Amino acid sequence: MFLSRLIYIFTIFIVEIVVAKNGSSQHFPENFLFGVSSSAYQIEGGWDSDGKGPSIWDEFTHLHPEKIVDRQNGDVGANSYEYYLDDVEAVKSLNMNFYRFSISWTRILPTGDLTQVNEKGIEYYNKIINKLIEYKIEPMVTMYHFDLPAHLQLLGGFANSAIVQYFEEYANLLFNRFGDRVKYWITINEAAEFCVKGYGGKIHAPGINAHGKGEYLCVHNALKSHAVAYHLYKREYYNQYKGQVGIALDSSFFYSDSNDTVVVNREMQFTLGWIAHPIFSSDGDYPAVMIDRIANHSKAEGRLVSRLPTFSNHWKRTIQGTSDFFGLNYYTSRYIRESLEPIGENPSVARDRGNERFTKPEWIKGASDWLYSVPKGLGDLLRWIKAEYNNPEVIITENGWSDDDRLEDDSRVTYFHDHLEQVLDVILNNGCNVKAFSVWSLVDNFEWSQGYTEKFGMFFVNMSSPRKERIPKKSAYFMEELIKKRSIPGI
Ligand code: GAL
């Protein structure tokens, strides 16, 4: 009797130690929201169904299949155009508070402008939104997630300031038709990402490759587009609908072995600050270190003006303060050191930054070349944002992990466990104003230039079956339990 009592007490003791080490007895705040994210081109398929016009990703993958590692495209993919109900059911099965999805601009405006409004496209998103509302899942809508109307690209896309007006008209249509039910709007997803890879580089659509110039023009017009959409909502819709409008920015955190704070600050400003400083800082405009360095480099190249465009005072004021929350996409981090030789292409944002990036051998790597698990980077980044931008309300709009094809996705479970631990830590111990966390991604999907070779979903999709069945992976059960308990389960 005594012995069995002793064994029982010992077992409880061990269990408690394990929970303390692995799980967490601390809870997410009551109003903290959990969600899951996706984007139109990556999951919808139906690329020319019911009057949809072509986007730059349709054209890029059709004309240049060699630019996608498995030569695949988003023509059909997970076919959410037909099976969106499966997606909504999947979100519901996890008890998520919100679903972040994006609207395909050309499904609604086939040529990108108001020449023609495609009611079938509107109907498609109405069906998704209404089902979400029926299930008490908040729709969070990204207005632009990389898939520009091909027709607007003919005019230069984000390299032409005319995009600002087209974006405003598109935004107006979305607010008008969906604003009664959508209370969370994200204007633009990861401007730095698509501008660097698609305008500065050639690996993303539209593949302009105007490095050192294209990415700066593109971000400039993306910031203006975002700002006009924000003001439009506040002016015309806010009083009636009371929603929030924000933007989603991607960033790593950067470390220096030699604690070189100047170099770390420069890298942070050239990545996150590039987009965040004009919107969230108290002085507005691009970070001073970017303005100075690019001006100096441009001068040395014999140019009369900087490759970094300038904002007039009017635009500085128009852009400043235009986000009701700080949307953050975090995946990984890097160490950096000042490069002794010119780095990257001439000219390019990489050369303007002037730092080498590297990883640590102990960091665990995902299926994507660039993706190493560095949970502490998320905590450090959130603390940096708090200090730099006066503790804005942060919505983590993406965080995710790639693997090869497996239902027992233990590495993804570990990744979420470790990253959510950091989120909880900064909320409880650093007073960071983090309000929500969204997983990238709901279902396995088209991973841009990597096609279908890297899996980010919590749900496997049977791509070889026409019915594209969704099957939950271990990470789906992990998130379901976490949301139910509102604390991090042990692993
Ligand atoms: C983000 C992007 C997503 C997804 C993810 C994983 O940059 O917003 O569309 O692809 O990365 O690479």
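Relevant structure appears above.
Residues numbered from 1 in each chain as written. Predicted model: local features only at pLDDT ≥ 70, side-chain atom pairs only at ≥ 80, totals over all residues. Heavy atoms only, no water.

Caption draft 1: Local environment of the environment of I336. Residue position: I336 is located in strand β8 (residues 334-338). Using a relative accessible area of 2% as the deciding quantity, one classes I336 as buried. Sequence separation of I336 and S258 is 78 residues, and the distance between their C-alpha atoms is 9.7 Å. Not counting chain neighbours up to four residues away, the residues in contact with I336 comprise F254, Y255, S256, V263, V264, E267, N355, E356, R357 and F358. (Helix = DSSP H or I, 4+ residues; strand = E, 2+ residues; numbered from the N terminus. Buried < 20%, exposed > 50% of the residue type's maximum accessible area, 1.4 Å probe, protein only. Contact = heavy atoms within 4.5 Å.)

Caption draft 2: Layout of the pairing of strand β2 (residues 98-102). Counting buried positions along β2 gives five out of five residues, so the element sits mostly inside the fold. Both faces of β2 are covered, namely the face carrying F98, R100 and S102 and the face carrying Y99 and F101. In the sheet, strand β1 (residues 33-37) pairs with β2 via three bridges, with the strands oriented parallel. Bridged to G35 within β2 is F98. Relative to strand β3 (residues 138-144), β2 runs parallel, the two sharing five bridges. Counted as the bridge partner of F98 is E138 from β3. (Pairing = 2+ DSSP bridges.)

Caption draft 3: Quick peek at the sheet that holds strand β9 (residues 355-358). Spatial ordering of the open sheet is given by β6-β8-β9, a layout of three strands whose pairing is mixed. Edge positions in the sheet fall to β6 (254-255) and β9, since each has one partner strand and no second. The pairing of β8 with β9 spans four bridges and is antiparallel. Counted as the bridge partner of R337 is E356 from β9. In the packing of helix α11 (residues 261-280) onto the sheet, contacts are made with β6, β8 and β9, and the angle to β8 comes to roughly 115°. (Axes fitted to C-alpha atoms, helices over the stretch in contact; angles between N-to-C directions.)

Caption draft 4: Representation of the side chain of S348 in the model. One can find S348 in the loop between β8 and α14 (349-353). Discounting chain neighbours no more than four positions away, the residues touching S348 are H211, G212, E215, Y216 and I343.

Caption draft 5: Examining the sheet that holds strand β5 (residues 244-250) more closely. Around the barrel, eight strands lie side by side as β1-β2-β3-β4-β5-β7-β12-β13; this closed barrel has parallel pairing. Across the sheet, the axes of successive neighbouring strands diverge by a mean angle of 25°, strand direction being ignored. In terms of strand pairing, strand β4 (residues 184-189) meets β5 through four bridges, oriented parallel. Bridge pairing in β5 places N189 opposite A248. Strand contacts of helix α10 (residues 214-241): β3, β4 and β5, with the helix running at about 165° to β4, the strand carrying the most contacts.

Caption draft 6: Focus on the side chain of T61. By the secondary structure assignment, T61 is in helix α3 (residues 56-63). A distance of 3.2 Å separates polar atoms of two side chains, one belonging to T61 and the other to Y41. In this view, T61 contacts Y41, I68, Q72, N73 and F446; residues no more than four positions away in its chain are not counted. (Polar contact = N/O pair within 3.5 Å; in protein donor to acceptor, adjacent residues only side chain to side chain.)

Caption draft 7: Structural detail: the site of the ligand. Taken together, Q42, H145, N189, E190, Y331, W370, E398, W440, E447, W448 and F456 make up all the residues around the ligand. Here an oxygen atom of the ligand sits 2.7 Å away from a polar atom, N or O, in the side chain of Q42. At 3.0 Å, a side-chain N or O of W448 approaches an oxygen atom of the ligand. Protein contacts shield 94% of the accessible area of the ligand, which totals 310 Å² for the unbound molecule. (Near = heavy atom within 4 Å. Areas by Shrake-Rupley, 256 points an atom, 1.4 Å probe, with all protein chains shown as cover.)

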